[in-house]
Amino acid sequence: MLSRLSPASIRRLSTSTRCLSDKNEPDLSDPKTLALHKLYRPERTTPQKRGIDLLKSPGLNKGMAFSLHERQYLGVHGLLPPAFMTEEQQAYRIITKLRQQPDNLAKYIQLDSLQDRNEKLYYRVLCDNVKELMPIVYTPTVGQACQHFGFIYRNPKGLYITINDNSISKIHQILANWPTENVRAIVITDGERILGLGDLGTYGIGIPVGKLALYVALAGIRPEWCLPVILDVGTDNSELLNDPFYTGLRRKRVRGPEYDTLVDNFMKAATKRFGRDTLIQFEDFGNQNAYRLLDRYKGEYCMFNDDIQGTAAVVVAGLLASTRITKKKLSQERIVFLGAGGAATGVAEMCVRQMMDEGLSEEEACGRIYMVDIEGLITTSRSKSLGERHVKFAKDLPDTKNLLEVVKTVKPGALIGASTVAGAFTEDIIKEMARLNPRPIIFALSNPTSKAECTAETAYRCTNGAVLFASGSPFENVEMNGKLYKPGQGNNAYIFPGVALGAVLFRTKNIPDKLFLLAARMVAEAVSEKSLNTYSRVYPRLKDIRELSVKIAVEVGEYCYRHDLATLHPKPDDMEMFIRQNLYSVEYDELINKTYEWPAKDSKHGFPVPVLRRTSMDEE
């Protein structure tokens, strides 16, 4: 039985998406605006499916929200219970049942099932409760779902391309099996580095599925434009190879030229099938491949790596927001990174770009960044063993693995964790940061929550509330000394939906790094004074992401047209209206086209039929 919700609970079932739409409704009294509205708006098409096939199509199914006319016209009358529900009633029913689930994994399974049945309702519930449900459909719960994917698997989602399909033609054939042809955004992974959980093989398909759900919910990209893909090249995880539920190839991970050929063939086949301007986002590739593949493809294809570029942008956004409190430019800070993998190095490089824009040379900017990896502080004595991306950050300092010693020596204003080492920011380290800075910046960014370098509670307690804290996965609010602190989550969802929306709508040739820096600045500007000064939160509210995504998409479009990167021509006269008219709506569509009249003389029956001689009938 579903329990009755209190009036306060009912009010929490907000209609944020509709409010966003109403607030920005164009003024149709202006003839030019009306003409643009008619040009940009999506058009209604009556579905070709009928009856039970319609009810089994999640993109069309409304459940008990079908009107009587629709039920009779579309052949579903009698196939549904005779009650009629609004979408709001359905959303109430779903969220009530969802809140009664015993744990987050059970909630994930229920939402996954809803997405398979009724797409509009799934996104309605997600958009209306984004702060509550984003940790369910993505980090941290998606990591748990991936670990148990073989056990909870219900319906196929996305495409599986294996090392055994390694040719353009074979991959193209697989892509042609996807039910829609108008794919504009692909999220792809090879499952080697899923969050902070390591090699999960094909269990990692949950990552592109969850990422694309956020594309829709947070940017309004249409679900039919989205395609999740996993490359199955095997797994080096022995537990999975011996797991009776494992859904992938039972072989060791393929590397080297054969792996590179597979990725090359996929990129060629995907753009051959869906178009050269198809957005391809790389997600959760291993460190040895992530940077290499990004460098290989970013100038040739419309692609980006969210772990590197998205993470870098969102961290820089948090740092820029923090400078509004510290009253110091980023170029005036020294920053220590714990972790020097793809994500941390990407953040460091974007910090360098921002510092250079503030007036420093590249050498000066790199000199303000200190990186600590598994071998300790990156120093010049290790230059021979360092990769080219790390050499520029090497310091002429004594070798040490002691992070506290590094903090005491460097005296940083910001400490950033991307190490996946839980508790690496000890109380002594946090207290030393507070001793050195009136408002220390500490970002514990490792995912999931169990891998975070410190907890929000520890950071606030050890600094007496002075810390400007952010994390990769969400932490609960902290109340201390009569004040409420709301820790910010440095979630890439502030960045990638807006960048992707702009790239998809304006059909960009490629996605330069500058776009991510522009997005970071916009996110930092969107943080309210109340968030910063009252709650010490360095990121915008989660419920504001969709509106923020629109603004980022406008900026992406303007930049791409200025630099001849947009292939949508002509350029829309009203960029913002064009974007808003193309946003996916979580409101049910009218599925039957409205009828209209023709002039009476053109629709008149009964043209005079000439008399025809019928020989056989006229005979005697």
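Quick caveat, the model's predicted, so the values are computed rather than measured.

Trainee: Which residues make up the sheet that holds strand 7 (residues 369–373), and what values go with them?
Mentor: Read across the sheet, seven strands follow the order 8-7-6-9-10-11-14 without closing on themselves; strand pairing throughout is mixed. The open sheet has two edge strands with one neighbour each: strand 8 (376–377) and strand 14 (488–489). On the sheet, helix 21 (residues 403–410) packs against strand 6 (335–338), strand 7, strand 8 and strand 9 (414–417) and is oriented at approximately 170° with respect to strand 6.

Trainee: Let's hear about the environment of Gly 359: which residues, and what values?
Mentor: Structurally, Gly 359 is set in the loop between helix 18 (342–357) and helix 19 (362–367). Residue Gly 359 is classed as exposed on the basis of its relative accessible area, which comes to 60%. Along the backbone, Gly 359 and Leu 214 are 145 residues apart, and their C-alpha atoms lie at a distance of 36 Å.

Trainee: Lay out empty space enclosed by the protein with the relevant residues and their values.
Mentor: Under the definition given, this model contains four cavities of 30 Å³ or more. Of the voids in this model, the largest cavity is the one considered here, and its volume is about 140 Å³. Along the wall of the largest cavity there are 13 residues; nearest its centre are Tyr 108, Asp 112, Phe 149, Asn 155 and Lys 157. For the lining of the largest cavity, the secondary-structure elements that each account for two or more residues are helix 7 (104–117), helix 11 (149–152) and helix 13 (206–219). Among the elements that line the lining of the largest cavity, the one with the most residues is helix 7, at three residues. A volume near 90 Å³ is recorded for the second largest cavity. Together, Tyr 108, Leu 111, Asp 112, Gln 115, Tyr 122, Ile 136, Val 137, Val 209, Gly 210 and Ala 213 line the second largest cavity.

Trainee: Account for unusual backbone geometry, naming residues and giving values.
Mentor: Cis geometry is found at the peptide bond from Thr 139 to Pro 140, where omega equals 10°. Considering the arrangement of structural elements, one finds Pro 140 in the loop between helix 9 (130–137) and helix 10 (141–147). Note that the residue after His 569, namely Pro 570, is joined by a cis bond; omega there is 0°. With a phi close to 55°, Lys 411 is a non-glycine residue in the positive phi region. As for its placement among the helices and strands, Lys 411 is situated in the loop between helix 21 and strand 9. One non-glycine residue, Asn 464, lies in the positive phi region at around 55°. Summarising the element assignment, Asn 464 is placed in the loop between helix 23 (456–462) and strand 11 (468–471). The class of Asn 464 is exposed, set by a relative accessible area of 56%.

Trainee: If you had to explain the UniProt feature "active site" (unreviewed entry) in the protein to someone new, which residues and values would you point to?
Mentor: Under the UniProt annotation, "active site" (unreviewed entry) lies at Tyr 138 and Lys 211. On the basis of their most widely separated C-alpha atoms, the annotated residues across 74 residues gather in one place, lying no more than 7.1 Å apart. Following the sequence through the fold, Tyr 138 ends up in the loop between helix 9 and helix 10. A relative accessible area of 5% means that Tyr 138 is categorised as buried. Those residues in contact with Tyr 138, other than ones at most four positions away along the chain, are Ile 207, Gly 210, Lys 211, Leu 214 and Glu 283. Among the polar contacts listed, one links the side chain of Tyr 138 to the side chain of Lys 211, at a separation of 3.3 Å. Structurally, Lys 211 is set in helix 13.

Trainee: Please set out the sheet that holds strand 1 (residues 159–162) residue by residue, giving values where relevant.
Mentor: A sheet is described by the order of its strands in space; here five strands give the open sequence 1-3-2-4-5, paired in parallel fashion. Single-partner strands in this sheet number two, and they are strand 1 and strand 5 (303–305). Here the average twist between neighbouring strands, direction ignored, is 25°. Alignment of strand 2 (residues 185–189) against strand 3 (residues 226–232), held across five bridges, turns out to be parallel. Looking at strand 3, one finds that Ala 185 is bridged to Cys 226. Lying on the sheet, helix 16 (residues 287–297) is in contact with strand 4 (279–282) and strand 5; it crosses strand 5 at an angle near 160°.

Trainee: Which residues make up helix 6 (residues 87–98), and what values do they have?
Mentor: One turn of the α-helix equals 3.6 residues, which is why residues spaced by three or four share an orientation. With twelve residues, helix 6 extends 16 Å from end C-alpha to end C-alpha; this agrees with the ideal 16 Å at 1.5 Å per step. Of all the residues in helix 6, the buried ones are Glu 87, Gln 90, Ala 91, Ile 94, Ile 95, Thr 96 and Leu 98.

Trainee: Talk me through the packing of aromatic side chains; I want residue IDs and the actual numbers.
Mentor: The final tally for this structure, using the stated rule, is 18 aromatic pairs. Across from the ring centre of Tyr 370, 4.8 Å away, lies the NZ or CZ of Lys 395, which sits over that ring. The ring of Tyr 535 is capped by Lys 486, whose NZ or CZ atom sits 4.1 Å from the centre of that ring.

Trainee: Quick rundown of the UniProt feature "domain: Malic enzyme N-terminal" (unreviewed entry) in the protein? Include the residues and the values.
Mentor: UniProt annotation of "domain: Malic enzyme N-terminal" (unreviewed entry) refers to residues 115–298 when read in the numbering used here. Between the end C-alpha atoms of residues 115–298 there is a gap of 32 Å, over a span that is 48% helix and 11% strand.

Trainee: Please give an account of the pattern of salt bridges that cites residues and values.
Mentor: This model, assessed by the stated rule, comprises 42 salt bridges. Across the pair Lys 62 and Glu 70 runs a salt bridge whose closest N-O atoms are separated by 2.8 Å. Lys 62 gets classed as buried once you look at its relative accessible area, which sits at 5%. Connected via shared salt-bridge partners are Glu 87, Arg 124, Asp 128 and Glu 587.

Trainee: Summarise the environment of Asn 166; cite the residues concerned and give the values.
Mentor: Positionally, Asn 166 belongs in the loop between strand 1 and helix 12 (168–176). Once the C-alpha coordinates of Asn 166 and Leu 377 are considered, the two residues, 211 residues apart in sequence, prove to be 41 Å apart. Once residues within four sequence positions are removed from consideration, Asn 166 is found in contact with Glu 258, Thr 261, Leu 262 and Asn 265. A distance of 3.3 Å separates a polar atom in the side chain of Asn 166 from the backbone nitrogen of Leu 262.

Trainee: Break down the domain arrangement of the protein for me, citing the residues and quoting the values.
Mentor: Along its sequence, the protein is organised into domain 1 (51–127), domain 2 (138–305) and domain 3 (310–563). If you average the C-alpha positions of domain 1 and of domain 3, the two centres end up 40 Å apart.

Trainee: Any details on the state of the cysteines? Residues and values, ideally.
Mentor: Going through the model one piece at a time under the given rule, you end up with zero disulfides. Here Cys 302 is not cross-linked by a disulfide; its sulfur's nearest cysteine counterpart is in Cys 560, at 8.3 Å. A residue is classified by how much of its surface remains accessible, and Cys 302, at 0% relative accessible area, is buried. Cysteine Cys 454 shares no disulfide, and the gap to the nearest cysteine sulfur, in Cys 462, comes to 8.4 Å. Look at Cys 454 and you get buried, because its relative accessible area is 5%.

Trainee: Please provide a residue-by-residue account of the packing of helix 9 against helix 13, values included.
Mentor: Look at helix 9 against helix 13: their axes get within 10 Å of each other, and the N-to-C directions meet at 160°. Judged by the angle between their axes, helix 9 and helix 13 are roughly antiparallel. As for the relative orientation of helix 9 and helix 13, their crossing is left-handed in sense. Contacts from Val 130, Met 134 and Val 137 in helix 9 reach Gly 210, Leu 214 and Leu 218 in helix 13.

Thresholds applied
- Residues numbered from 1 in each chain as written.
- Predicted model: local features only at pLDDT ≥ 70, side-chain atom pairs only at ≥ 80, totals over all residues.
- Heavy atoms only, no water.
- Pairing = 2+ DSSP bridges.
- Helix = DSSP H or I, 4+ residues; strand = E, 2+ residues; numbered from the N terminus.
- Contact = heavy atoms within 4.5 Å.
- Axes fitted to C-alpha atoms, helices over the stretch in contact; angles between N-to-C directions.
- Buried < 20%, exposed > 50% of the residue type's maximum accessible area, 1.4 Å probe, protein only.
- 1 Å grid on protein atoms, 1.4 Å probe; cavity = no way out; pocket = protein on both sides within 12 Å on 5 of 7 lines; lining within 4 Å.
- Points joined across faces, edges and corners; volume = space filled by probe spheres on them.
- UniProt positions renumbered as here; feature names shortened; annotations may be inferred.
- Polar contact = N/O pair within 3.5 Å; in protein donor to acceptor, adjacent residues only side chain to side chain.
- Expected span 1.5 Å × (residues − 1).
- Phe/Tyr/Trp six-rings, centres within 6.5 Å; stacked < 30°, edge-to-face > 60°.
- Lys NZ or Arg CZ within 6 Å of the ring centre and 35° of its normal.
- Salt bridge = Lys/Arg side-chain N within 4 Å of Asp/Glu carboxyl O.
- Domains from an automatic or database assignment.
- Disulfide = S-S within 2.5 Å.
- Parallel < 35°, antiparallel > 145°, perpendicular 65-115°, else oblique.
- Left-handed = near helix turned anticlockwise from the far one by under 90°.

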